[in-house]
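# Inside the fold
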Amino acid sequence: IIPLEANQDEVFPVYLELITWKHDDDSRSLIAKLLTEDNDRNELPATGLTVFYYILNRGEHVLLGEVTSNENGNAVLKFPAGYDFPKDEEGYISVYAKFPGNDSFDVTESELNFKDVSIDFEFVEKDEEKLIFFAGVVYGQNDTLPLADDDLYFYVPCMFSDLMIAEGWFE
């Protein structure tokens, strides 16, 4: 979309936030959220913009794919379970998303570095007490290590925001 009262000669800023979700079935999504502003500085989703996704592999950015942003401003690139993301020597996956700009919107880009983890949960009710047991691993470049010294927070959705119901840590 073009912001309200746009002048054809004017190029608007667009903001890109890059996040990742690992789903229950171990598939993963890279999500570029694209936003712009109207003349009153209200945020609007930037729809119909093509985002190019890259991954850092042995020091080079390799194109993963391109996706057009939807009505919510999200450009979602999906990967099946078991997709082998290249990792650096510390186990980080480095992805990069870029919108190259057009006649209406400026260039924008974002980078995200993350580690691939897996967490298993067990919900137990014992003596009228509700407990959550969990264990996790982090996948490195060539090995798997237990998660340690990390905090974990549990939330339930509420009307206006999520409510934290428990917290724990990996030892």
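The coordinates are above.
First, a word on scope: everything that follows refers to the structure included in this document. The structure displayed is predicted, hence computed values, not measured ones. (Residues numbered from 1 in each chain as written. Predicted model: local features only at pLDDT ≥ 70, side-chain atom pairs only at ≥ 80, totals over all residues. Heavy atoms only, no water.)

## Let's talk about a nonpolar patch on the surface
Together, Y153, Y155 and M164 make up an exposed nonpolar region whose accessible area comes to about 310 Å². Relative to the helices and strands, Y153 resides in strand 11 (residues 151-157). Judged by relative accessible area, Y153 falls into the partly exposed class, the value being 39%. (Patch = residues over 30% accessible without salt bridge, like charges linked within 9 Å, V, L, I, M, F, W, Y side chains within 5 Å. Areas by Shrake-Rupley, 256 points an atom, 1.4 Å probe, with all protein chains shown as cover. Salt bridge = Lys/Arg side-chain N within 4 Å of Asp/Glu carboxyl O. Helix = DSSP H or I, 4+ residues; strand = E, 2+ residues; numbered from the N terminus. Buried < 20%, exposed > 50% of the residue type's maximum accessible area, 1.4 Å probe, protein only.)

## Quick notes on the sheet that holds strand 5 (residues 60-68)
Read from one edge to the other, the open sheet built from 6 strands follows the order 5-4-7-8-9-10, with strand pairing classed as antiparallel. Bordering the open sheet on either side are strand 5 and strand 10 (144-146), each of which pairs with just one other strand. Averaged over all neighbouring strand pairs, the angle between strand axes comes to 35°, with direction disregarded. Sheet topology note: the strand 7 (residues 92-99)/strand 8 (residues 108-126) ladder contains 8 bridges and is antiparallel. Looking across to strand 8, one finds that A97 is bridged to S110. (Pairing = 2+ DSSP bridges. Axes fitted to C-alpha atoms, helices over the stretch in contact; angles between N-to-C directions.)

## Some thoughts on the pattern of salt bridges
Under the definition given, this model contains 3 salt bridges. Across the pair R28 and D116 runs a salt bridge whose closest N-O atoms are separated by 3.0 Å. Residue R28 is found in strand 2 (residues 28-37), and its partner D116 is found in strand 8; the two are separated by 88 residues along the sequence. Residue E37 pairs with R41 through a salt bridge whose shortest N-O separation is 2.6 Å. Residues joined in a network through salt bridges with shared partners are K22, R28 and D116.

## Some details on the nonpolar core
V51, Y53 and V95 are the most contacted members of the largest nonpolar core, which totals 24 residues. Secondary-structure elements contributing two or more residues to this core are strand 1 (15-22), strand 2, strand 4 (50-57), strand 6 (74-79), strand 7 and strand 8. (Core = buried A, V, L, I, M, F, W, Y, C linked by side-chain atoms within 4.5 Å.)

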